[in-house]
Amino acid sequence: MRLPKYAILAATIGLTTPAFAQEVTLRFQHFVSPASANPTYFMQPWADAIAEQSGSRIKVEIYPFMQLGGSATNQYDLIRDGAIDGGWIIPGYQPNRFPEAEALELPFMTTKSAEEASAAAWEFTQDHLLDDFADIHIIAVHMHGPGILHKRGNPVASVADFAGLKLRGPSRTATLLLEDLGASPVGMPVPQFPEAISRGVVDGGVIPWEQSPSLKLDELTDSHTDVAGDRSLYNLYFLWAMNKATYEALPDDLRAVIDANSGLMASRWAGRAHDTGDALGRDIMAASGNTIAEMSEEETAQIMAIGAGVTSRWIMEMDAKGYDGAGLVAAAQLAVEDAAGTAE
């Protein structure tokens, strides 16, 4: 049977006309102010790059302050379970769930460059943490810059000054260090910190410079203290990740756009965002008239010795759980050294 000419023409058009471009909207969320460093200098530029490179076929909507629901502490599960498409995770907000990641958060482990520390975090993650996070799709991992002690009243000038202070800590390793320094640590996610300090629940806490302006620490505190040297008092490990099924359901060309903005490059990018925010945050705190202080090399050496004790106990804890604690510490140290060497 011969087909009419119009039928042949229609069939030909159907074979040669490209399918309509698929449009995808991805909803990501985080738990801080959109004006803080990571959302400003990484998350939104990352979303813009995804839109541009996909020809606007992917739109990434970013919601601050956990506007899509849940809390900062259960962000990992929200992403894993598909309640949201992706977002920002601090594994340390769930103590003991991801113990190997704590190696990067041990006292004085990382340099004060967030970009360097983030490159080290990516290397360590690839070698040791992929099984831990196998049920999500990792886009980037990163660390923040130097951990600063912000408090009401005079700055901390010696180890003895920590005695009796109620201080907010972001992670298990940070609270272990604060406790050994003589403080009374209070673990809490960053969104709870401003209210806690305004109500006197804590005297202060540790947090990087970049978060200071968005938390109004220029108004809530009087002094800001760093340790001497090029190593951070503590650090925090972050994931920028998405739901695994959502990622795998994307067509190949759109997955390629996500992949092109993932990995070491994106991890360094996220770290640079914190370095940029740290410089601005420190300037804002200084302009407010607050005291900006640095502990002496002698006092810093004492804190480092106390931090070494925290690390030794952590190794024993990990060994008791069946991990190679010393091996994880050595691997984290090597990744930090590699990242610092690459930056030179």
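For the structure, check the block above.
A.B. asks: Looking at this structure, how should I read the overall build of the protein chain?
C.D. replies: Scanning the protein chain from terminus to terminus reveals 12 helices and 11 strands. With the C-alpha coordinates aligned to their principal axes, the bounding extent of the protein chain is approximately 95 × 45 × 40 Å. Counting only residues that meet the buried cut, the protein chain has 53% of its 344 residues in that class. Long-range contacts, defined as pairs at least 24 residues apart, comprise 78% of the intrachain contacts of the protein chain with a sequence gap of at least 6. Surface accessibility of the protein chain: about 14600 Å² in total, with carbon and sulfur atoms responsible for 53%. Between the mean site of the 23 positive side-chain charges and the mean site of the 45 negative ones, the protein chain shows a separation of 9 Å.

A.B. asks: Teacher, can you tell me more about the pairing of strand 5 (residues 147–151) here?
C.D. replies: Counting buried positions along strand 5 gives 5 out of 5 residues, so the element sits mostly inside the fold. Where strand 5 meets strand 8 (residues 204–208), 5 bridges bridge the pair, whose relative direction is antiparallel. Opposite Lys151, over in strand 8, you have Gly204 as the bridge partner. Relative to strand 9 (residues 223–226), strand 5 runs antiparallel, the two being bridged by 3 bridges. Bridge pairing in strand 9 links His150 to His224.

A.B. asks: Honestly, the pattern of salt bridges in this entry has me stumped. Any pointers?
C.D. replies: In total, this model carries 13 salt bridges according to the counting rule given. A salt bridge links Lys59 to Glu61, with the nearest nitrogen and oxygen atoms 3.7 Å apart. Residue classification places Lys59 among the partly exposed residues on the basis of a relative accessible area of 47%. The exposure class of Glu61 is partly exposed, given its relative accessible area of 21%. For Glu317, the salt bridge goes to Arg172, with nearest N and O atoms at 2.9 Å. Of this pair, Glu317 sits in helix 11 (residues 297–320) while Arg172 sits in helix 5 (residues 172–180); the two residues are 145 residues apart in sequence, bridging distant segments of the chain. The network of salt bridges with shared partners includes Asp77, Arg80, Asp81 and Arg97.

A.B. asks: Could you clarify how one ought to interpret the packing of helix 5 against helix 11 in this entry?
C.D. replies: The axes of two packed helices give the description: the angle between them and the distance between them. Contact geometry for helix 5 and helix 11: axes closest at 9 Å, N-to-C directions at 130°. One way to sum up the angle between helix 5 and helix 11 is to call them oblique. Pair helix 5 / helix 11 crosses with right-handed handedness. Contacts between helix 5 and helix 11 involve Arg172, Thr173, Leu176, Leu177 and Asp180 on the former and, on the latter, Ile306, Gly307, Val310, Arg313, Trp314 and Glu317. Looking at side-chain class alone, the contact of helix 5 with helix 11 contains 5 nonpolar, 2 polar and 4 charged residues.

A.B. asks: Would you take a moment to explain helix 5 for this structure?
C.D. replies: Owing to its 3.6 residues per turn, the α-helix brings residues three or four apart onto one side. Counting buried residues in helix 5 gives 7 out of 9 residues, a clear majority hidden from the surface. If you follow the buried residues of helix 5, they end up packed against strand 6 (166–169), strand 7 (184–187), strand 8 and helix 11. Gly182 sits one or two positions beyond helix 5 and adopts a positive phi of about 105°.

A.B. asks: I tried to follow the sheet that holds strand 7 on my own but got confused; where do I start?
C.D. replies: Strand pairing in a sheet relies on backbone hydrogen bonds, with the paired strands running either antiparallel or parallel. What the 6 strands build is an open sheet, ordered 7-6-8-5-9-11; its pairing is mixed. The open sheet has two edge strands with one neighbour each: strand 7 and strand 11 (291–294). Across this sheet, the average inter-strand angle for adjacent strands is 30°, counted without regard to direction.

A.B. asks: I would appreciate a short explanation of the sheet that holds strand 2 (residues 58–63) in the present structure.
C.D. replies: The 5 strands lie next to each other as 2-1-3-10-4, forming an open sheet whose pairing is mixed. The strands lining the two open edges of the sheet, one partner per strand, are strand 2 and strand 4 (136–143). Mean inter-strand twist for the sheet, computed between neighbouring axes without regard to direction, equals 20°. Summarising the sheet, strand 4 and strand 10 (residues 237–243) pair through 7 bridges and their orientation is antiparallel. Bridge pairing in strand 10 places Val141 opposite Leu239. In the packing of helix 2 (residues 37–53) onto the sheet, the strands contacted are strand 1 (24–29), strand 2, strand 3 (86–89), strand 4 and strand 10, and the crossing angle to strand 2 comes to about 160°. Strands strand 3 and strand 4 of the sheet are contacted by helix 10 (residues 263–287), whose axis makes an angle of about 40° with strand 4.

A.B. asks: Where do I start with the side chain of Ser267 in this structure?
C.D. replies: Inspection of the secondary structure puts Ser267 in helix 10. Each residue touching Ser267, except ones within four places of it in the same chain, is listed here: Ser118, Trp122, Ala140, Val141 and His142.

A.B. asks: Sorry, what's going on with the nonpolar core here?
C.D. replies: Generally speaking, soluble globular proteins have nonpolar side chains that are buried together. Counting 82 residues, the largest nonpolar core has Trp46 and Tyr237 as its most contacted members. The element that contributes the greatest number of residues to this core is helix 12 (residues 325–343), accounting for 7 residues. Setting aside anything within four residues of it in sequence, one finds Trp46 in contact with Phe28, Val60, Ile139, Trp240, Ile258, Asn261 and Trp269. In this structure, Phe108, Leu181, Val227 and Met295 belong to the second largest nonpolar core, which totals 20 residues.

What counts, and at which threshold
- Residues numbered from 1 in each chain as written.
- Predicted model: local features only at pLDDT ≥ 70, side-chain atom pairs only at ≥ 80, totals over all residues.
- Heavy atoms only, no water.
- Helix = DSSP H or I, 4+ residues; strand = E, 2+ residues; numbered from the N terminus.
- Buried < 20%, exposed > 50% of the residue type's maximum accessible area, 1.4 Å probe, protein only.
- Contact = heavy atoms within 4.5 Å.
- Areas by Shrake-Rupley, 256 points an atom, 1.4 Å probe, with all protein chains shown as cover.
- Lys, Arg positive; Asp, Glu negative; His and termini not counted.
- Charge placed at Lys NZ, Arg CZ, Asp CG, Glu CD.
- Pairing = 2+ DSSP bridges.
- Salt bridge = Lys/Arg side-chain N within 4 Å of Asp/Glu carboxyl O.
- Axes fitted to C-alpha atoms, helices over the stretch in contact; angles between N-to-C directions.
- Parallel < 35°, antiparallel > 145°, perpendicular 65-115°, else oblique.
- Left-handed = near helix turned anticlockwise from the far one by under 90°.
- Nonpolar A, V, L, I, M, F, W, Y, C, P; charged D, E, K, R; others polar.
- Core = buried A, V, L, I, M, F, W, Y, C linked by side-chain atoms within 4.5 Å.

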